Structure formats: structure tokens, C-alpha cells
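# Coordinate inspection notes
Below, each chain spelled out in residue letters.
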Amino acid sequence: MKLVLLLVGLAFLVALAAILLWRQGDHRADRAMWQKLLQSQPANPATFDPAMLADLPDPARRFFRYAIAEGAPLFTVAELTMTGTFDLGTKSAPNPLAMTAKQLLAAPQGFVWEMSAARGVIRVSGSDSGDWTRFWAMGIAPVARAGGTRDDARAAFGRLVSEAIFWTPAAVLPRPGVRWQAIDADTARLTITHGDLVQSVDLSVTEDGQPTEVRFDRWSNANPDNTFRLQPFGGTLSAFRDFDGFRVPTHVEAGNFFGTDDYFPFFIADITNVRFPQPATR
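Calculation rules
Residues numbered from 1 in each chain as written. Predicted model: local features only at pLDDT ≥ 70, side-chain atom pairs only at ≥ 80, totals over all residues. Heavy atoms only, no water. Phe/Tyr/Trp six-rings, centres within 6.5 Å; stacked < 30°, edge-to-face > 60°. Helix = DSSP H or I, 4+ residues; strand = E, 2+ residues; numbered from the N terminus. Buried < 20%, exposed > 50% of the residue type's maximum accessible area, 1.4 Å probe, protein only. Polar contact = N/O pair within 3.5 Å; in protein donor to acceptor, adjacent residues only side chain to side chain. Salt bridge = Lys/Arg side-chain N within 4 Å of Asp/Glu carboxyl O. 1 Å grid on protein atoms, 1.4 Å probe; cavity = no way out; pocket = protein on both sides within 12 Å on 5 of 7 lines; lining within 4 Å. Points joined across faces, edges and corners; volume = space filled by probe spheres on them. Nonpolar A, V, L, I, M, F, W, Y, C, P; charged D, E, K, R; others polar.

This part is about the packing of aromatic side chains. Tallied over the entire structure, the rule returns 15 aromatic pairs. Relative to phenylalanine 266, the ring of phenylalanine 233 lies with its centre 6.2 Å away and its plane at 65°, an arrangement referred to as edge-to-face. Of the two residues, phenylalanine 233 is situated in strand β11 (residues 229-243) and phenylalanine 266 in strand β13 (residues 264-275); the sequence distance between them amounts to 33 residues. For the residue pair phenylalanine 233 and phenylalanine 266, the accessibility class agrees, reading buried in each case. Judged by centre distance (4.9 Å) and plane angle (40°), the rings of phenylalanine 246 and phenylalanine 276 are tilted. Separated by 30 residues along the polypeptide, phenylalanine 246 in strand β12 (residues 246-256) and phenylalanine 276 in the segment after β13 bring together distant segments of the chain.

Printed below as a string of C-alpha cells:
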């Protein structure tokens, strides 16, 4: 009997060690991607000049004049910290968890979002990026492992482009691969092409250029059929603050089926800080 208990104990320790090594591998991948994306931060960026906006439609010009101070260094990579809620449930059966997270946003190359969330004894943590989605329950049980497919990359690119508009506006200034067009007097459409990925996002602004919402068709399987397809996604933006010459929203609510009766804002974030790090720092 003692031998059986000993063998069971050893098996448990081996399994636990394997899980810890697996988790450490995830953390190393997060750090490696973080550092890789950070290299796309311009070391000596140009500064913002309203003349850069001459060929843009009026809603886009108003947005950039609101979002970027004249003379601000045009950093395109931002590190954000946030709190809020992340909901693993549905509109009819919500399951919100209190969230803390940090994110490196480097459009169009990619992003890394590292999150920890909890409700009562439930704990979920992990990361999301253009290459993977990896979350763990209680630190030991993998509950979501995805990534590496064309569908995953296309879905992540939609998130990246939409968030780049309001959190890293310098990354969506006119340049090759970035196109703006007017939809109406207060709406402009951004289309970004990066390799074989293309994503359009509609941005609505007030008269003075403050963005109020983003909406787009996102490639997603967040639907009852669990099938990848284009479906409405978007969110609202508020509580703007200035960070190093950029005026960005610090309260964002977003979710699937934005603009329809099925809209469910599963992501509600309050930004606590925004910084524009250089490649040598983190």
C-alpha cells in the first residue's frame, strides 16, 4: 500500500512539474513576442505636423487633430495597463470576471495581451496575440489553446487594427498600406493591408474629432455555430486622457454583434497607464 501511495505521489509531482514547465514555456513565448514587437518602435520618430493630413477625408482629419498634439513624437508602439471585466459568459448568462492586464500594441505587426481575471475562487490567466490564444484555470488547467491558423490570424488582425486607431493613432497615419475614406460627415473608414491580411474599421467622431465608437466586420467563430465567419464587432470609447502628446480613451467597452440586439460587451477596460517604450526597455 505504501508503495502504491508513493508511486501515486511521484506521478502527481511529475505531472505538476510538466504543467509548470508548460506554463513557463508560455511565459517565455510571451516575453519573446513582446521584445520582437518592441523592435518596431521608431527610435527617432518624426513629429506630428497637421500638413500630414492634407489628403485625408474630413472626419479623419478631425480625428487626428484631436488625438495627436502638434509636434508630438510619432511613436507607433504603446504599452498599456488596464483593469476592468472580462466576461466568459453570454448575454443571457453573463459570467464577468474582474480583470487586470497589460498589452503591447504594435500595429500592423501584432500585439501581446497578458491577462489575469478572477471571480470568487475562479482564477483565469493567460495571453492573447496574433499567433495564439492561451488561457489557464487556477494556473494548472489549460482551458483555451488556439492559434496558428489563417482563421486565428485574421480574427486577431481585426482586433489589432481597431485598437490601433484609438490607442496608437500614429500607427494609422497615411502611409503605404494605410487608406482612409469618408463614409459620411462624421465617419471615416480605415483599411490596413499587411501582407495578405486586410481589415477595414469604421470610426465615428464628434464635431471636434473625438472618437466615439469603432465598428467593423470581424472574422470570428464567437457564435452559436462556432463557425468562423464575418460578423459585426465594435465598441464605445470614452474618458479621454493625454499621454505624451496622444489623447486616447481610457474607458472602452467592446463585444460581438455591435449595433445589433445581440450585442454583448464582454470586454470592459479602464486604462490605468499608457507609455511608449523604447526597444531597450520593457
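Next comes the rest of the write-up.
Moving on to the environment of arginine 134. The topology assignment puts arginine 134 in strand β5 (residues 133-137). Since its relative accessible area comes to 11%, arginine 134 is described here as buried. Residues arginine 134 and glycine 147 lie 13 residues apart in sequence; the distance between their C-alpha atoms is 8.5 Å. Of note is the side chain of arginine 134, whose polar atom sits 3.5 Å from the side chain of aspartate 30.

Judged by how many residues are buried, helix α2 (residues 58-67) sits mostly within the fold: seven of ten residues are covered. Every buried residue belonging to α2 is among Pro59, Ala60, Arg62, Phe63, Phe64, Tyr66 and Ala67, and all of these are buried.

A full pass over the atoms with the stated rule returns 13 salt bridges. With a shortest N-O distance of 3.0 Å, arginine 159 and glutamate 163 are connected by a salt bridge. Remark: glutamate 163 and arginine 159 occur in helix α3 (residues 150-167); sequence separation between them is four residues, near one turn of the helix. Each member of the pair, arginine 159 as well as glutamate 163, is classed as buried. Where arginine 189 meets aspartate 202, a salt bridge forms, and the shortest distance between an N and an O atom there is 2.6 Å.

Geometrically, the link from alanine 107 to proline 108 is a cis peptide bond, its omega value of 5° lying close to zero. By the secondary structure assignment, proline 108 is in the loop between β2 (96-106) and β3 (110-119). In this structure, alanine 239 takes a positive phi of about 55° despite not being glycine. By secondary structure assignment, the location of alanine 239 is in strand β11. Of the residues examined, alanine 239 reaches a relative accessible area of 43% and is grouped as partly exposed.

Glancing now at the layout of surface pockets. Volume-wise, the second largest pocket comes out at about 230 Å³. Along its surface, the second largest pocket is lined by 15 residues, and Gln109, Gly110, Gly130, Asp131 and Leu197 are the ones closest to its centre. Residue assignment for the lining of the second largest pocket shows that the elements contributing at least two residues are α1 (2-38), β3 and α3. Looking at the lining of the second largest pocket element by element, the count peaks at four residues for α3. The class makeup of the residues in the lining of the second largest pocket is nine nonpolar, four polar and two charged.

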